[in-house]
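A closer look at the structure
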Amino acid sequence: MLKLDGVTVRFGERAALDAVDLEVAEHETVCVLGPSGSGKSTLLRVVAGLQPVDAGRVLLEGADQGGVPVHRRGVGLMFQDHQLFPQRDVAGNVSFGLRMRGVPRARQAERVEELLELVGLPGAGRRAVAALSGGEQQRVALARALAPSPRLLMLDEPLGQLDRTLRERLVVELRSLFGRLGTTVLAVTHDQGEAFALADRVVVMRDGRIAQTGTPLEVWQRPASEFVARFLGFENVVPGVVSGVVAATEWGAVPVPSGSAQGSVRLLIRPAGVRLLPAREGLPCEVVSRTFRGNHVALRLRPRSGPVVEAECGVRDAAGVGEMVGVGFVGAEVVVLAG
Ligand SMILES: Nc1ncnc2c1ncn2[C@@H]1O[C@H](COP(=O)(O)OP(=O)(O)OP(=O)(O)O)[C@@H](O)[C@H]1O
């Protein structure tokens, strides 16, 4: 459906996108994830035709979009601040793209009803946009983007402004809606939870380049680099020297999966791979913080040397701040990182 081929966009000296290759298949939902300034919005703007490229090509269904204006690309856009027209009612907003395309009035009204039903706002056509809650406005913006049946729907931080509970609910609804409609979606977010819940595939960006792409599970289980691991919120990254199935690190010997790269590497140990042992076993650490996270407790543990170790444990087993504990590592939760 969509193909980016060596797309480069420069602002002065700096490349906001640096030779980016990306493909999105029909019916696929791809989420682009990355820190602020990594080029996510620029990528969407390029595909929409709002941003010219300095090099490379954008193809939609195989056709080069060079010189094709925004309204001829057949893509739908929904931005973070949803940009609804405040002076128009809900129906007036949803039918915007249909009016632009000269769809007859009767058909417009039908389609608006259909879409409001779809986004969970049946019969809301006559309501004033200003009188809607944030979540309702978001649904109207989505209905408006979907109205002209775009071949590709692009979402920029679609749930950015909403509170967490509403975001979590809407993300589930969006995923099921896109599944039912068979919509092809390219979404941008800085929120990894949102990306992982919504996407068939995630693309992690760093400084205008793709740092990793894969299914949410692949990226979560095997972050390709320290950058991706840290971006996903993993903190236990330590240098080590692998020999066979053991790595020598500042935290002592850490088991690694068989078949791991040998020699000098960086290791990620997921918090689930950190086991608390009785005080005289394993790596001696002092508990420096203890944070209640609902179904588990996050502990930060300071060894005599080397970086702080992050651990997760059951609410009942968690040691208190200032206590000494021993720490052991589980090889299955260790990832040998590249770069
Ligand atoms: N119109 C512009 N003129 C100059 N520099 C720009 C322009 N638009 C973007 N940039 C720069 O390009 C880089 C990528 O910006 P972009 O908005 O694509 O990042 P982003 O990942 O979407 O960030 P955020 O999550 O903060 O929206 C940034 O360094 C930004 O400052």
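Residues numbered from 1 in each chain as written. Predicted model: local features only at pLDDT ≥ 70, side-chain atom pairs only at ≥ 80, totals over all residues.

1. What about the pairing of strand S13 (residues 252-255)?
Operational definition: By the convention used here, strands pair only if DSSP detects at least 2 bridges between them. Secondary structure is summarised from DSSP: a helix means a run of H or I of at least four residues, a strand means a run of E of at least two, and numbering begins at the N terminus for each.
Alignment of strand S12 (residues 246-249) against S13, held across four bridges, turns out to be antiparallel. Note that in S13 the partner of valine 246 across the bridge is proline 255. The hairpin formed by S12 and S13 contains two residues between the paired strands.

2. Considering unusual backbone geometry
Worth spelling out the cut-off: Put simply, a residue is buried when 20 or more other C-beta atoms lie within 10 Å of its own C-beta and exposed when 12 or fewer do; between those, it is partly exposed, and each C-beta is set from the backbone.
Positive phi is not limited to glycine here, since histidine 27 has a value of about 70°. By C-beta crowding, histidine 27 is classed as partly exposed, having 14 other C-beta atoms within 10 Å. Located in the positive-phi region is glutamate 157, a residue other than glycine, with phi close to 45°. With respect to the helices and strands, the residue glutamate 157 is situated in the loop between strand S7 (152-156) and helix H6 (164-181). Using a count of 19 C-beta atoms within 10 Å as the deciding quantity, one classes glutamate 157 as partly exposed.

3. Overview of the pairing of strand S10 (residues 209-214)
Where strand S9 (residues 201-206) meets S10, five bridges bridge the pair, whose relative direction is antiparallel. Directly across from methionine 205, in S10, lies its bridge partner isoleucine 210.

4. Observations regarding helix H4 (residues 105-118)
Residue pairs three or four apart in sequence face the same way in an α-helix, which turns once every 3.6 residues. We apply this condition: Multiplying one less than the number of residues by 1.5 Å gives the expected span of a helix. Within this analysis, the arc is defined by the directions that extend from the helix axis to the C-beta atoms. Each residue gets a C-beta atom placed from its backbone, and two residues are in contact if those atoms lie within 7 Å.
With 14 residues, H4 should reach 20 Å at 1.5 Å per residue; the first-to-last C-alpha distance of 20 Å fits that figure. For H4, the complete set of buried residues consists of Gln108, Arg111, Val112, Leu115 and Leu116. Down the axis of H4, the buried side of the element spans an arc of 135°, and every buried residue falls inside it. Opposite the packed face of H4, turned more than 90 degrees from it, sit the exposed residues Ala106, Arg107 and Glu110. Against helix H2 (90-94), helix H3 (96-100) and helix H5 (134-146) lie the buried residues of H4. Positive backbone phi, at 80°, marks glycine 120, one or two positions downstream of H4.

5. Here's the deal with H6
When the terminal C-alpha atoms of H6 are compared, their 25 Å separation across 18 residues agrees well with the 26 Å that a helix rising 1.5 Å per residue should span. Turning to H6, its buried residues are Arg167, Leu170, Val171, Leu174 and Phe178. Projected down its long axis, H6 carries its buried residues within an arc of 110°, all on one side. H6 presents Thr165, Val172, Ser176, Gly179 and Arg180 as exposed residues on the side facing more than 90 degrees away from its buried surface. Tucked into the core, H6 has its buried residues touching strand S3 (29-33), H5, strand S8 (185-189) and helix H7 (192-198). The positive-phi residue at the C-terminal boundary of H6 is glycine 182, with phi of around 70°.

6. What about the site of the ligand?
Operational definition: Each residue receives a C-beta atom placed from its backbone. It is near a molecule or strand if this atom lies within 6 Å of it. Gly is placed with the polar residues, together with every amino acid not listed as nonpolar (Ala, Val, Leu, Ile, Met, Phe, Trp, Tyr, Cys and Pro) or charged (Asp, Glu, Lys and Arg).
The environment of the ligand is made up of Phe11, Ala16, Gly34, Ser36, Gly37, Ser38, Gly39, Lys40, Ser41, Thr42 and His190. No other element matches helix H1 (residues 40-48), which puts three residues into the shell around the ligand. When its residues are assigned to classes, the shell around the ligand shows two nonpolar, eight polar and one charged.

7. Structural notes on the domain arrangement of the protein chain
Reports often express the size of an interface as the amount of accessible area lost when the parts come together. The condition that has to hold: Where each domain begins and ends follows an automated or database-derived domain assignment.
As far as domains go, the protein chain holds domain 1 (2-228) and domain 2 (235-337). The distance between the C-alpha centroids of domain 1 and domain 2 comes to 39 Å. Facing the four residues of domain 1 at the interface are five residues of domain 2. Partitioned by chemical class, the residues of the side of domain 1 that touches domain 2 number one nonpolar, one polar and two charged.

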